[in-house]
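Below are the chains, spelled out letter by letter.
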Amino acid sequence: MCGIVGYVGKNDALPILMAGLTSLTYRGYDSAGVAVVNGTSMHVVKCAGKVGDLAARLDGTTITGTTGIGHTRWATHGEPSDVNAHPHTDSAGDFAVVHNGIFENSNELRERLRAQGCVIRSQTDTELFAHLVALNYDGSFEAAVKAALSQVTGAFALVVASRLHPGMLIAAKLDTPPLVVGIGADELFVASDISSLLRFTKRVVILEDGEMAVLTPKNVYVDLFRAEPVIGRRRPASERVLSVDWPADIAERGGYPHFMLKEIEEQPRAIRDTLRDRLLDDGRVLLEEFALPPSVIRRARRVLFLGCGTAFHAGLVGQYLFEPVLNVPVQVEVASEFRYRQPVVGPDDLVVAISQSGETADTVSAVRGVQERGATVVAITNVVGSTLSRIADHVLLTRAGPEIAVASTKAFTAQVVANHLLLMYLAQYRPHQHDKLLYQVGQGLRQLGDAVERVLARADAIKAFAERLAEHEDVYFIGRNLDEPIAREGSLKLKEISYIHSEAYAAGELKHGTLALLSPGTPVIAIATQSEIYEKMVSNVQEVLARKAWVTGLIADDDTELRGMLADSLVVPRVNDLLAPVPNVVALQLLAYHCGVARGCDIDQPRNLAKSVTVE
Ligand code: F6R
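Residues numbered from 1 in each chain as written. Predicted model: local features only at pLDDT ≥ 70, side-chain atom pairs only at ≥ 80, totals over all residues. Heavy atoms only, no water.

Draft legend 1. Spotlight on the overall build of the protein. Helix and strand counts for the protein come out as 19 helices and 24 strands. Its C-alpha atoms give the protein a radius of gyration of 25 Å, near enough to 25 Å, the size a compact globule of 616 residues would have. Per-residue burial over the protein gives 61% buried out of 616 residues. At a minimum sequence separation of 6, the contacts of the protein that also span at least 24 residues come to 72%. Of the roughly 22,500 Å² of accessible surface on the protein, 50% is carried by carbon and sulfur atoms. Side chains of the protein give 60 positive and 73 negative charges; the mean places of these two sets differ by 2 Å. (Helix = DSSP H or I, 4+ residues; strand = E, 2+ residues; numbered from the N terminus. Rg over C-alpha atoms; globule rule 2.2 N^0.38 Å. Buried < 20%, exposed > 50% of the residue type's maximum accessible area, 1.4 Å probe, protein only. Contact = heavy atoms within 4.5 Å. Areas by Shrake-Rupley, 256 points an atom, 1.4 Å probe, with all protein chains shown as cover. Lys, Arg positive; Asp, Glu negative; His and termini not counted. Charge placed at Lys NZ, Arg CZ, Asp CG, Glu CD.)

Structure below.
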């Protein structure tokens, strides 16, 4: 949550900060602000609203200076307002702070600072840090920030600027929120993600937990502010420079009206990239970066999927895929609940943690918990260098490319495909009876990008249906077997993007209570692509039709039975049952998208949400 950007160099900081904030808006968008240092003065401008509101506030001002910090916020402590917007300063206005995360000891700090005479203006925990730096300052900026860092607890990333030290920024991070230093020619950048830096530099250093970086135009110096490294092995910053090979425009909208539509349409590529060089012609799966010992695979007594939101749904797909083939119990858990349940986990558990960002605090914490209990953790993540990728024992990267829209689309289909690869990989080391099925899945995976292209080609029909659905306020999704997690994901997408209330059920479960809510005309989307359970699904559809609900089928193109029975159907290409989640979800993503557009919603930045949830 929250986007941070900083610049120190030879150019005017403000346009660079604003460009960075625009790219980081997906991380939070309820208020925004900048602080620019020029000589010994510092200008702070901030307001409630989006980066565009900040730009309007700045219009007509002439703020120059070659050092600065900026922030776009997703509120945790204190409502979105001008006063709670970042940057926050100490009473004298000497130090300005932007911050992502939470100081867990903020209540106690607030009392202590008040007792010491500080006048605290905002409801945020961030402002307290600015006062702490000022109280610890005796001429050394670095020493003051380090001392302040020793007095806060929690998970956070922050950057501090000072009018007493123009030409210098200090950045620090602990636990989940990411912080990346970008290295240019006589200029340095710092930001919450790599993609916001791509237009300025492709050379980056990812800060590790407990590290503090001192940035001047020509140098970055990294120090520890916690005695014990929490994760990773440390090396001097100069040895840790990564060159990112993403094109500079990969995180741009490129003519699309919304990032979400662009990302939906990128799915054939994301799927093919995720499979590239991993699925061999003879049907074997080779995961070169992946050294999971066969002994761990053979001794696994359980596979445990962990994730949140859409990534949790990818875990549910994994459960339906893995359990029957590997003949091992598979459990799927919402990470935020799992870790507080004192779960029984041990060395014979193989944990698959799924996270697009690799920074979701709930997932990262749950992973740390299972690692303490001796489980082996495989991470499926989209972000190289993310916290999850660094703490996991083994990493299977999805290659979806940066996902900017808050609603996850291409990352989800890439996670599902990564599940297929992982299943085939694990099956190579465990006895099973499913060689033929897995061979067919391998063949189907090669055609999956084409199948998604065929769904995209039917976007106009989905749009026309969405425009009718958009007039309703309650929608139900039902499905069975692998269609059930897709019902959940379709429902989640619809809620986030169109604000239509929706619920998802295993189709056989509806009659155990929720059927009471259906009245004539209530929209129900029935996903019916699983051949083994198809007739049961048809019966469930009959139960709903008998209540005169408006049932629309999401069906395969060779389906005649439901197509004949229902007034409306969304048609997807027939693929192997185990692969059906992918074309099915793409149709539902388009449905949610077009409902959101029809209702005039903010597609890429739905209300109350943010992309990367780095607080628990
Ligand atoms: C929904 C969505 C969220 C995320 C969830 C986990 O469209 O994007 O539900 O899936 O916050 O995020 P990651 O995958 O980054 O851990």
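Draft legend 2. Just the packing of helix α14 (residues 435-456) against helix α19 (residues 581-598), in detail. Following both chains from N to C, one finds α14 and α19 inclined at 30°, their axes separated by 9 Å at the closest point. By the angle between their directions, the pair α14 and α19 is classed as roughly parallel. Where α14 crosses over α19, the two elements pack in a sense that is right-handed. Contact residues: α14 offers L448, V452, V455 and L456, while α19 offers V582, P583, V586, A587 and L590. Classifying every residue of the contact of α14 with α19 gives nine nonpolar, no polar and no charged. (Axes fitted to C-alpha atoms, helices over the stretch in contact; angles between N-to-C directions. Parallel < 35°, antiparallel > 145°, perpendicular 65-115°, else oblique. Left-handed = near helix turned anticlockwise from the far one by under 90°. Nonpolar A, V, L, I, M, F, W, Y, C, P; charged D, E, K, R; others polar.)

Draft legend 3. Representation of the side chain of N84 within the structure. Note that N84 resides in the loop between β4 (67-73) and β5 (88-89). Among the residues examined, N84 registers a relative accessible area of 0% and is labelled buried. Excluding anything up to four places from it in sequence, N84 contacts R73, G78, E79, S122, Q123 and T124.

Draft legend 4. Local environment of the packing of helix α9 (residues 309-327) against helix α16 (residues 483-498). Where α9 meets α16, the axes come as close as 9 Å, and the angle between the chain directions of the two elements is 170°. In terms of their interaxial angle, α9 and α16 are classed as roughly antiparallel. Contacts between α9 and α16 pair G309, T310, F312, H313, L316, V317 and Y320 from the former with E484, P485, I486, R488, E489, L492 and K493 from the latter. Partitioned by chemical class, the residues of the contact of α9 with α16 number seven nonpolar, three polar and four charged.

Draft legend 5. Up close: the sheet that holds strand β17 (residues 349-355). One open sheet holds the five strands; their spatial order is β16-β15-β17-β18-β19, and the pairing between them is parallel. Bordering the open sheet on either side are β16 (330-334) and β19 (394-397), each of which pairs with just one other strand. Each adjacent strand pair in this sheet contributes to an overall mean axis angle of 20°, direction not counted. Two elements, strand β15 (residues 302-307) and β16, share five bridges in a ladder whose sense is parallel. Its bridge partner being in β16, L306 is matched across the sheet by E333. (Pairing = 2+ DSSP bridges.)

Draft legend 6. Spotlight on the domain arrangement of the protein. Along its sequence, the protein is carved into domain 1 (3-243), domain 2 (253-446) and domain 3 (459-603). Inter-centroid distance (C-alpha atoms) of domain 1 to domain 2 is 33 Å. Contacts between the two partners involve 14 residues from domain 1, matched on the other side by 12 residues from domain 2. Here domain 1 is connected to domain 2 by two salt bridges. For R368, the salt bridge identified is with D175, shortest N-O distance 3.2 Å. The interface formed by domain 1 and domain 2 includes one residue pair in polar contact (both at pLDDT 80 or more). Considering only residue class, the side of domain 1 that touches domain 2 consists of eight nonpolar, two polar and four charged. (Domains from an automatic or database assignment. Salt bridge = Lys/Arg side-chain N within 4 Å of Asp/Glu carboxyl O. Polar contact = N/O pair within 3.5 Å; in protein donor to acceptor, adjacent residues only side chain to side chain.)

Draft legend 7. Seen up close, the site of the ligand. Near the ligand you find 13 residues, and of these S355, Q356, S357, T360 and E496 are the closest. Here T310 contributes a backbone N or O atom positioned 3.1 Å from an oxygen atom of the ligand. Protein chains bury 89% of the 410 Å² of accessible surface belonging to the ligand in isolation. Its residues assigned to classes, the shell around the ligand comprises four nonpolar, seven polar and two charged. (Near = heavy atom within 4 Å.)

Draft legend 8. Summary view of the pairing of strand β11 (residues 203-206). The sheet contact formed by strand β9 (residues 180-183) and β11 spans three bridges and is antiparallel. For V180, the partnering residue across the bridge sits in β11 and is I206. Bridging between β11 and strand β14 (residues 242-243) involves two bridges; their strand directions are antiparallel. Bridged to V204 within β14 is L242.

Draft legend 9. Representation of the sheet that holds strand β21 (residues 501-506) within the structure. Reading across from one edge, β21-β20-β22-β23-β24 is the order of the five strands in this open sheet, with parallel pairing throughout. Of all strands in the sheet, those bounded by a partner on one side alone are β21 and β24 (568-572). Ignoring which end each strand starts from, the neighbouring axes of this sheet average 20° apart. The sheet contact formed by strand β23 (residues 550-556) and β24 spans five bridges and is parallel.

Draft legend 10. Structural context of the state of the cysteines. Within the structure shown, the criterion is met by zero disulfides. No disulfide involves C47; its nearest neighbouring cysteine sulfur is the one of C2, lying 15 Å away. Residue classification places C47 among the buried residues on the basis of a relative accessible area of 1%. You can see C601 has no disulfide; the closest cysteine sulfur is in C595, sitting 9.2 Å from it. For C601, a relative accessible area of 14% puts it in the buried group. (Disulfide = S-S within 2.5 Å.)

Draft legend 11. View of the pairing of strand β7 (residues 154-162). Across the nine residues that make up β7, a large majority, nine, are buried. Here β7 shows no split at all, with G154, F156, L158, V160 and S162 on one side and A155, A157, V159 and A161 on the other all buried. Sheet topology note: the strand β6 (residues 95-103)/β7 ladder contains nine bridges and is antiparallel. In the sheet register, V98 faces β7, and the bridge partner there is V159. Of the strand pairs in this sheet, β7 and strand β8 (residues 169-174) are connected by six bridges, and their pairing is antiparallel. Within β8, the residue paired with F156 across the bridge is L174. Turn length for the β7-β8 hairpin, with the two strands adjacent in sequence and antiparallel, is six residues, and the turn residue G167 shows positive phi of about 85°.

Draft legend 12. Expanded view of the packing of aromatic side chains. Within this structure, the stated rule accounts for 11 aromatic pairs. With 5.2 Å between their ring centres and 55° between their planes, Y7 and F189 make a pair best called tilted. Taken together, the residues span a long stretch of sequence, with Y7 in strand β1 (residues 3-8) and F189 in strand β10 (residues 188-191) at a distance of 182 residues. Across this residue pair, the class does not change: Y7 and F189 are buried. Joined through ring pairs, the aromatic side chains of F103, F129, F156 and F225 make up one cluster. Residue placement shows R607 over the ring face of Y499; its charged tip is 3.8 Å from the ring centre. (Phe/Tyr/Trp six-rings, centres within 6.5 Å; stacked < 30°, edge-to-face > 60°. Lys NZ or Arg CZ within 6 Å of the ring centre and 35° of its normal.)

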